[in-house]
Amino acid sequence: MIPLHILRENPESVVSGLAIKNFDAKDLIARIILLDDKRKSTQNQMDDGLAEANRLAKEIGHLFKNGETELANQKKERTATLKEETNQLSVSLQQIENELNEAIVILPNLPHSSVPPGRLPTDNEIIYSEGELPALPENSIPHWELATKYNIISFELGSKVTGAGFPFYIGKGAKLQRALINFFLEEAISAGYTEYQPPLMVNEASGFGTGQLPDKEGQMYHATADNLYLIPTAEVPITNLYRNTIQKHTDLPIKNVAYSSCFRREAGSYGKDVRGLNRLHQFDKVEIVQVQPPQDSYTALEEMKNHVAGILRKLNLPFRILRLCGGDMSFASALTYDFEVYSAAQDKWLEVSSVSNFESFQANRMKLRYKDENGKTSLAHTLNGSALALPRIVAALLENNQSPEGIHIPAALSAFTGFDIIS
RNA sequence: GGAGAGAUGGCAGAGUGGUCGAUUGCGGCGGUCUUGAAAACCGUUGACCUUCACGGGUCCGGGGGUUCGAAUCCCUCUCUCUCCGCCA
């Protein structure tokens, strides 16, 4: 949610900012300002009425106490009409506020000044790349075939028991999952993050707080009997920990890490993008989340970017970092870096991490504030990033490290798996 | 799932229809005293909307109702605790 005062003070720059995200905000902002004017004048009227009613109620109390019943009853008549008026005003105020809120909530976040314009993934800016693209042996195969060959992942059994996109991991495949989770968690913990193990379901208010609702309603699994949503990422519970709070400046920065399963309906996905581990309905991810005072949030974003790069380096995976263009960024983000690793057998780059600064967008939705050194209360900034999502890392590890003897496990991981080859 | 009790400011905890946004204690902040600190004493200390300001309004778990007037009475939802049942 973009703070209202920004829309009021500088509507033109909001319009041009959102144009970078290919969002035409002109009419909507005009409407929001109009509604806000209406809100103010209605509230002023109502407040005047309430002020008079409060005064009268006190007077009536005194009159009754002094036995001046007749005069008191006279005054009561006035309160009746006042009540009628203020009730009506409060109903229309409620309506106006709802309309205003519905309008303001559909505005995406403003992009950072460094965000390039564009609509397509090809408009993203490659800002860094590292590592040699592996030269694979002649008869190398994609990960979904390796999975069957070594019996470490079964997509068929997953389809049978649940449905497409819910694989089983078996034997060394399962252990590889556990090892990656532990490796990622330990990396984050030694970088100063506190580990949380979150609930896998959240309520509606939490879905709204991080921006999944109402924007991505159809992308989450919804347990309707209890009105709970399966989390699409640990970002949702971990950021909502701070919904409706005022942090002391001495409590910032907050740096949390959480492992969780993630659930995504992925409605509308199809074709070879969903082959094997490329796109799943349930997958595992280690997520890092930070809450920062505004002046430090971009330094924190760089730090998170370096953290993710460090992990990929230890896994020996060739990767590149993209600065997402306006059209490819998420609704809530101000600046997003995507990490892609090279999958040799598929000959393509796979997105394995997305690191974003949301500035005050999520904080404003969930009323996450902090008190600075001078006691002034203002919105904090929130950030998060995957560090990392497992499936495509597994895909790249399997494909890039295949050999006639089997699949070699990078040294940094074999400490966690207890084996260094899958054969 | 059944029965009962409860939810008040950062925390603890008063307040059961009328100057209550709320007594008090702790904590926080500022000051006096001190070389400094502690103690003691004095002062100060919630959020939100609105206003240039003075001021006005809203908030005692959420929502609704009764009343001229609600933290206080009624309904409802959520959550917490105790007991019973079931259970990893």
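Residues numbered from 1 in each chain as written. Chains lettered and ligands numbered in written order. Predicted model: local features only at pLDDT ≥ 70, side-chain atom pairs only at ≥ 80, totals over all residues. Heavy atoms only, no water.

A look at helix α3 (residues 26–65)
- Between its terminal C-alpha atoms α3 stretches 58 Å, which fits the 58 Å expected from 40 residues at 1.5 Å a residue.
- When we look at burial in α3, the residues that qualify are Leu28, Ile29, Ile32, Ile33, Leu35, Asp36, Thr42, Met46, Gly49, Leu56, Ile60 and Leu63.
- The elements touched by buried residues of α3 are α1 (4–9), α2 (11–20) and α4 (69–105).
- Directly beyond the C-terminal end of α3, a positive phi value near 80° is found at glycine 67. (Helix = DSSP H or I, 4+ residues; strand = E, 2+ residues; numbered from the N terminus. Expected span 1.5 Å × (residues − 1). Buried < 20%, exposed > 50% of the residue type's maximum accessible area, 1.4 Å probe, protein only. Contact = heavy atoms within 4.5 Å.)

A word on the layout of surface pockets
- Taken as a whole, the largest pocket spans an internal volume of roughly 1,600 Å³.
- Contributing to the lining of the largest pocket are 49 residues, with Arg264, Arg279, Glu351, Ser354 and Arg392 lying nearest its centre.
- Of all elements in the fold, only β10 (282–292), β11 (319–323), β12 (335–343), β13 (348–359), β16 (381–389) and α12 (390–400) reach the threshold of two or more residues within the lining of the largest pocket.
- Tallying contributions element by element places β13 first for the lining of the largest pocket, with nine residues.
- In this structure, the second largest pocket encloses a volume near 330 Å³.
- Forming the boundary of the second largest pocket are 18 residues, of which Ala164, Gly165, Val274, Gly276 and Arg279 lie nearest the centre.
- Looking at the lining of the second largest pocket, the elements with two or more residues in it are α5 (143–149) and α6 (155–161).
- Sorting elements by how many residues they give to the lining of the second largest pocket places α6 first, with three residues.
- Taken together, the residues of the lining of the second largest pocket break down into seven nonpolar, six polar and five charged. (1 Å grid on protein atoms, 1.4 Å probe; cavity = no way out; pocket = protein on both sides within 12 Å on 5 of 7 lines; lining within 4 Å. Points joined across faces, edges and corners; volume = space filled by probe spheres on them. Nonpolar A, V, L, I, M, F, W, Y, C, P; charged D, E, K, R; others polar.)

Here we look at the domain arrangement of chain A
- Along its sequence, chain A is carved into domain 1 (4–104) and domain 2 (121–422).
- Of note, the centres of domain 1 and domain 2, computed from C-alpha atoms alone, are 44 Å apart. (Domains from an automatic or database assignment.)

Description of the sheet that holds strand β17 (residues 402–403)
- Across the sheet, which stays open at both edges, the three strands sit in the order β17-β18-β19 with antiparallel pairing between neighbours. The open sheet is flanked by β17 and β19 (421–422), the only strands paired with a single partner.
- Two elements, β17 and strand β18 (residues 406–408), share two bridges in a ladder whose sense is antiparallel. Note that in β18 the partner of glutamine 402 across the bridge is isoleucine 407. (Pairing = 2+ DSSP bridges.)

Here's the deal with the pattern of salt bridges
- In total, this model carries 14 salt bridges according to the counting rule given.
- A salt bridge links arginine 8 to aspartate 36; the nearest nitrogen and oxygen atoms lie 2.5 Å apart. Placement of arginine 8 in helix α1 and of aspartate 36 in helix α3 is noted, with a sequence separation of 28 residues between them.
- In this structure arginine 8 comes out as partly exposed when scored by relative accessible area, which is 30%.
- The exposure class assigned to aspartate 36 is buried, which follows from its relative accessible area of 2%. (Salt bridge = Lys/Arg side-chain N within 4 Å of Asp/Glu carboxyl O.)

Looking at the packing of aromatic side chains
- Scanning the model with the defined rule gives seven aromatic pairs in all.
- In this structure an aromatic cluster arises from ring pairing among Tyr128, Phe319 and Phe339.
- It is lysine 255 that lies over the ring of tyrosine 193; its NZ or CZ is 4.8 Å from the centre.
- Taking NZ or CZ as reference, arginine 365 lies 4.4 Å from the ring centre of phenylalanine 208, over its face. (Phe/Tyr/Trp six-rings, centres within 6.5 Å; stacked < 30°, edge-to-face > 60°. Lys NZ or Arg CZ within 6 Å of the ring centre and 35° of its normal.)

What about the confidence of the model for chain A?
- Mean pLDDT over chain A: 91, with 99% of residues reaching 70 or higher.
- Scored by ipTM, the complex comes to 0.86, with pTM at 0.91. (pLDDT = per-residue confidence, 0-100.)

Details of the packing of helix α7 (residues 172–190) against α12
- Interhelical geometry of α7 versus α12 gives an angle of 115° and a closest axis separation of 11 Å. In terms of orientation, α7 lies roughly perpendicular with respect to α12. Considering the relative orientation of α7 and α12, their crossing is right-handed. For the pair α7 and α12, the contacting residues are Leu176, Gln177, Leu180, Ile181 and Phe184 in the first and Leu390, Ile393, Val394, Leu397 and Leu398 in the second.
- In the contact of α7 with α12, the residues fall into nine nonpolar, one polar and no charged. (Axes fitted to C-alpha atoms, helices over the stretch in contact; angles between N-to-C directions. Parallel < 35°, antiparallel > 145°, perpendicular 65-115°, else oblique. Left-handed = near helix turned anticlockwise from the far one by under 90°.)

Let's talk about the environment of threonine 417
- Mapping threonine 417 onto the fold places it in helix α13 (residues 411–417).
- Among the residues examined, threonine 417 registers a relative accessible area of 1% and is labelled buried.
- When the C-alpha atoms of threonine 417 and phenylalanine 183 are compared, they prove to be 9.6 Å apart, with 234 residues separating the residues in sequence.
- Those residues in contact with threonine 417 that sit more than four places away from it in its chain are Lys175, Leu176, Ala179 and Ile409.

So, the sheet that holds strand β15 (residues 377–379)
- The sheet built from three strands is open, its strands ordered β8-β14-β15 with mixed pairing. The sheet is open, and its two edges are formed by β8 (245–248) and β15, each paired on a single side. Averaged over all pairs of adjacent strands, the angle between strand axes in this sheet comes to 35°, irrespective of strand direction.

Digging into the pairing of β10
- Of all 11 residues that make up β10, 10 are buried, and the element is covered over most of its length.
- Relative to β16, β10 runs antiparallel, the two sharing seven bridges. Following the sheet pairing, glutamate 287 is matched in β16 by serine 386.

Topic: the nonpolar core
- If you look at the biggest cluster of nonpolar residues, it comprises 61 residues, and the most contacted ones within it are Leu180, Phe184, Leu312, Phe339, Val341, Ile393 and Leu413.
- It is α7 that contributes the most residues to this core, eight residues altogether.
- Those residues in contact with leucine 413 that lie beyond four places of it in its chain are Leu176, Ala179, Leu180, Phe183, Leu315 and Leu397.
- Membership of the second largest hydrophobic core comes to 21 residues, among which are Ile2, Ile29, Ile96 and Leu107. (Core = buried A, V, L, I, M, F, W, Y, C linked by side-chain atoms within 4.5 Å.)

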